[in-house]
Amino acid sequence: MLLLKDAMAAPRGALVARLVRGLGAPPQARGLAGPEPQGGGGSADTYDVVVVGAGILGLAAARALLLRRPRLRVLVLEKEAGVARHQTGHNSGVIHSGIYYTPGSLKARLCVRGAGLLYAYCDQRGLPYRRCGKLVVAVRRSELPRLRALYERGQQNQVPGLRLLPPPDIRAREPHCRGLLALECPSTGIVDYTRVAAAFAEDFRESGGSLLTGFEVSSMQLAAARPEAPVVLSSAGGAHVRARFVVSCAGLHSDRVAQLSGCSPEPAIVPFRGDYLLLRPDRTHLVRGNIYPVPNPEFPFLGVHFTPRMDGSVWLGPNAVLAFKREGYGLLDFSARDTWDALRNSGLLRLVLRHTSFGLAEMYRAFFLPATIRQLQEFIPEIRAEDVVRGPSGVRAQALDSSGNLVEDFVFDGGAGALGARVLHVRNAPSPAATASLAIAEEIAQEVERRFQL
């Protein structure tokens with residue numbers, strides 16, 4: 001795995017203390033050092049494109065840009081000390097097949113294509129994965145019509161190898177699982193997305209790209225002194241970089257970065273935390289592949305499921321509860337700013353009122369473990385409370401409109417005015433964004449070329 005050096009924000013008057021750069025001369029030798037930005041107190045390096053965010057999507061997009069346009073000077077900015085620290089690093093690791101998404105949507109098209117690209121990339125780079133498949137299992141008769149509809153949707157989305165399994169075939173596939181009917185998705189797999197993101201970063205650097213960590217973008221403005229690279233991105237520590245164009249893949253902070261460039265505050269990001277349980281090592285034999293419930297269209301999330309991991313562990317969950325901190329992975333983590341931003345969102349109030357019973361049930365299960373165990377026992381009756389321990393958590397950046405609807409599809413957005421016209425924002429990229437990262441990156445690179453006439 002690639003080890004990336006830290007690059008903390010430099011003191012005022014200097015841009016970079018430690019800049020992780022691809023092969024080639026240092027920035028001064030390449031003529032990239034620029035004069036002070038207008039109104040600033042430090043020097044700024046200049047790039048054709050700056051990508052904000054070094055999660056798997058930002059790294060994939062930066063990599064794709066350099067593969068298509070190798071002469072571009074591209075920089076990735078990341079506020080943390082390394083890559084893939086948030087959604088990518090807290091991902092369940094599933095390579096999704098594409099059965100859930102509305103036919104014709106970006107999610108449907110890019111998930112199916114992205115899964116194929118990801119498997120091929122892992123083969124090419126020697127990254128380990130397991131194509132362990134998935135069963136979506138109906139445990140009630142009322143779920144059977146929805147399961148068959150899911151099968152039809154998967155076929156419309158051209159997901160390969162789908163078939164419906166009766167109970168004997170379910171037991172042959174998953175000996176400890178019980179159900180009335182299951183949809184088998186053999187193209188579903190698992191991978192360590194932090195390793196994939198590190199490989200993307202390595203590809204990017206070897207293509208001549210630069211990665212600067214410890215740089216949290218606090219402002220974005222136009223400076224007329226350098227019309228060839230007029231966008232100045234500044235950090236709270238007084239560091240600056242200049243760019244002709246900007247691509248924001250800011251994940252949990254995508255709405256805030258969008259507003260820095262004068263773009264619309266909608267869709268707003270509302271963070272939802274998902275808490276996992278872990279099967280004890282001596283009980284992981286109960287699960288061979290991914291086991292999922294039939295999704296209920298009345299509720300906004302998929303429900304608890306069984307997920308094997310590349311390290312041999314098995315994750316159970318997650319639930320879905322409002323997070324009171326955008327990067328809050330603990331049960332009681334709290335940020336006054338993040339909580340206020342969520343609670344003042346009129347769309348969230350409408351969502352809560354529409355799904356009050358679901359939300360209360362999820363909160364109850366978050367604190368009361370036996371309630372989650374009972375859900376899991378519907379699929380694997382042998383599971384007992386003593387078989388599980390509390391595991392990791394993740395926070396999902398879910399875009400929400402003012403009517404209280406979860407924004408289901410991927411959203412790419414620009415802005416009005418001179419600054420907004422130079423920025424492309426990825427406003428909504430929840431699951432299956434990691435699966436689809438290479439396909440989404442193709443779309444971003446094509447849109448950057450079209451929009452900015454590169």
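Above this text is the structure in question.
Asker: Would you explain the pairing of strand β13 (residues 231-235) in this entry?
Answerer: Walk down a regular strand and you will see the side chains alternate between the two sheet faces. Here β13 lies mainly inside the structure; five of its five residues are buried. Neither face of β13 is open: one carries V231, L233 and S235, the other V232 and S234, and all of them are buried. Of the pairings in the sheet, the one linking strand β12 (residues 217-222) to β13 comprises five bridges and is antiparallel in character. The residue bridging V217 from the neighbouring strand is S235, located in β13. As defined by bridge partners, β13 adjoins strand β14 (residues 240-248) across four bridges and the pair is classed as antiparallel. The residue bridging V232 from the neighbouring strand is R242, located in β14. Between β13 and β14, which follow one another and run antiparallel, lie four residues, and G238 among them has a positive phi close to 95°.

Asker: Even after reading the chapter, I still don't get the sheet that holds strand β10 (residues 189-191), so can you show me in this structure?
Answerer: Working definition: the strands of a sheet are paired by backbone hydrogen bonds and lie parallel or antiparallel to each other. Spatial ordering of the open sheet is given by β5-β10-β6, a layout of three strands whose pairing is antiparallel. With one partner strand each, in any of the chains shown, β5 (94-95) and β6 (129-130) form the two edges of the open sheet. Summarising the sheet, β6 and β10 pair through two bridges and their orientation is antiparallel. Note that in β10 the partner of R130 across the bridge is I190.

Asker: Looking at this structure, I do not really get a nonpolar patch on the surface. What am I missing?
Answerer: A surface patch of nonpolar side chains, amounting to about 410 Å² of accessible area, comprises L331, L332, M363 and F367. Mapped onto the fold, F367 is located in helix α9 (residues 356-367).

Asker: Explanation requested: the nonpolar core in the structure shown.
Answerer: When a protein is soluble and globular, its nonpolar side chains tend to lie buried together. In terms of nonpolar packing, the biggest core is built from 52 residues, with V196 and I444 touching the most fellow members. Elements represented by at least two residues in this core include exactly β3 (44-52), α1 (56-68), β4 (74-78), α2 (106-125), α5 (193-206), β14, β22 (423-428) and α12 (437-452). Among the elements that make up this core, the one with the highest residue count is α1 (nine residues). Sequence-distant contacts of V196, that is, excluding residues within four places in its chain, are made with I56, L118, C122, L127 and V191. Residues L135, I170, L316 and I373 belong to the second largest nonpolar core, which totals 21 residues.

Asker: Is there a simple way to think about the packing of α2 against α5 in this case?
Answerer: How two helices pack is summed up by the angle between their axes together with the distance between the axes. Where α2 contacts α5, the axes come no closer than 12 Å and their chain directions differ by 70°. Our classification of the angle between α2 and α5 gives roughly perpendicular. In this structure, α2 crosses over α5, and the sense of that crossing is left-handed. Along the contact surface, α2 presents L118, Y121, C122 and R125, while α5 presents Y193, V196, A199, F200, E202 and D203. Partitioned by chemical class, the residues of the contact of α2 with α5 number seven nonpolar, no polar and three charged.

Asker: In this structure, what is going on with the packing of α1 against α5? I would like to understand it.
Answerer: Orientation of α1 relative to α5, taken along the N-to-C sense of each, is 30°, at an axis distance of 9 Å. Taken together, the axes of α1 and α5 lie roughly parallel to each other. Considering only the axes of α1 and α5, their crossing is left-handed. Only Y193, V196, A197, F200, A201, D203 and F204 of α5 make contact with α1, whose side of the interface consists of I56, L59, A60, A62, R63 and L66. By residue class, the composition of the contact of α1 with α5 is eleven nonpolar, no polar and two charged.

Basis of the calculations
Residues numbered from 1 in each chain as written. Predicted model: local features only at pLDDT ≥ 70, side-chain atom pairs only at ≥ 80, totals over all residues. Heavy atoms only, no water. Buried < 20%, exposed > 50% of the residue type's maximum accessible area, 1.4 Å probe, protein only. Helix = DSSP H or I, 4+ residues; strand = E, 2+ residues; numbered from the N terminus. Pairing = 2+ DSSP bridges. Patch = residues over 30% accessible without salt bridge, like charges linked within 9 Å, V, L, I, M, F, W, Y side chains within 5 Å. Areas by Shrake-Rupley, 256 points an atom, 1.4 Å probe, with all protein chains shown as cover. Salt bridge = Lys/Arg side-chain N within 4 Å of Asp/Glu carboxyl O. Core = buried A, V, L, I, M, F, W, Y, C linked by side-chain atoms within 4.5 Å. Contact = heavy atoms within 4.5 Å. Axes fitted to C-alpha atoms, helices over the stretch in contact; angles between N-to-C directions. Parallel < 35°, antiparallel > 145°, perpendicular 65-115°, else oblique. Left-handed = near helix turned anticlockwise from the far one by under 90°. Nonpolar A, V, L, I, M, F, W, Y, C, P; charged D, E, K, R; others polar.

By themselves, these observations are geometric and do not establish any function.
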